[in-house]
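The residues making up each chain are set out below.
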Amino acid sequence: MLLFTDNALSSDEAVEVITYPGTDVSYLSKNLLRSVFSMRLRTWQDGVPIRVFVLPDDAPLHSIFAKKKLNLFPYQLRSAWDRLVYSGTGQAPLVVHSEEEMREKIATTPGSIGYLNENKIDGSVQVVHINE
């Protein structure tokens, strides 16, 4: 059963990047997305601070998101976040503990970005399309 679940989530379309509905972003390049999730880009073009939400490092969807959408391994993201925190030059993203909490936080936090399995997305969040 676990093998079936992993296969069901393994396509690029299974995990989607989402933002707060009022965010003026409908497309991002893969490089820009990587900058956002590595916490190097801190504001949207309109000056609104970016609030990044992620699932825990060991969550299967987090791993799929990192590999499929960012072309990074989760440990590479964690390493980048730890460097920012320990050097005092930045902060790590905010961790949520379920996809439902992710959807709720993104839907109610201006400037926020995160990711969900496509079957968990409803009208309360905005899907962002990723260009190569």
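Everything below is about the structure printed above this text.
Notes on the sheet that holds strand 4 (residues 94–95)
Next up, step 1: One open sheet holds the six strands; their spatial order is 2-6-1-5-3-4, and the pairing between them is mixed. Since the sheet does not close on itself, it has two edges, and those belong to strand 2 (27–29) and strand 4, each with one partner.
Next up, step 2: Relative to strand 6 (residues 126–131), strand 1 (residues 15–19) runs antiparallel, the two being bridged by three bridges. Bridge assignment links isoleucine 18 to a residue of strand 6, and that residue is valine 127.

Notes on the pairing of strand 3 (residues 51–54)
Next up, step 1: The sheet contact formed by strand 3 and strand 5 (residues 112–117) spans two bridges and is parallel. In the sheet register, valine 52 faces strand 5, and the bridge partner there is isoleucine 113.
Next up, step 2: In the sheet, strand 3 pairs with strand 4 via two bridges, with the strands oriented parallel. Across the sheet, residue valine 54 finds its bridge partner in strand 4, namely valine 95.

Some points on the side chain of glutamate 99
Next up, step 1: Within the secondary structure, glutamate 99 sits in helix 5 (residues 99–108).
Next up, step 2: Nearest to the buried, unbridged glutamate 99 among oppositely charged side chains is lysine 120, at 5.0 Å.
Next up, step 3: In this view, glutamate 99 contacts Leu55, Leu61, Leu116, Asn117 and Lys120; residues no more than four positions away in its chain are not counted.

Conventions and cut-offs
- Residues numbered from 1 in each chain as written.
- Predicted model: local features only at pLDDT ≥ 70, side-chain atom pairs only at ≥ 80, totals over all residues.
- Heavy atoms only, no water.
- Pairing = 2+ DSSP bridges.
- Helix = DSSP H or I, 4+ residues; strand = E, 2+ residues; numbered from the N terminus.
- Buried < 20%, exposed > 50% of the residue type's maximum accessible area, 1.4 Å probe, protein only.
- Lys, Arg positive; Asp, Glu negative; His and termini not counted.
- Salt bridge = Lys/Arg side-chain N within 4 Å of Asp/Glu carboxyl O.
- Contact = heavy atoms within 4.5 Å.

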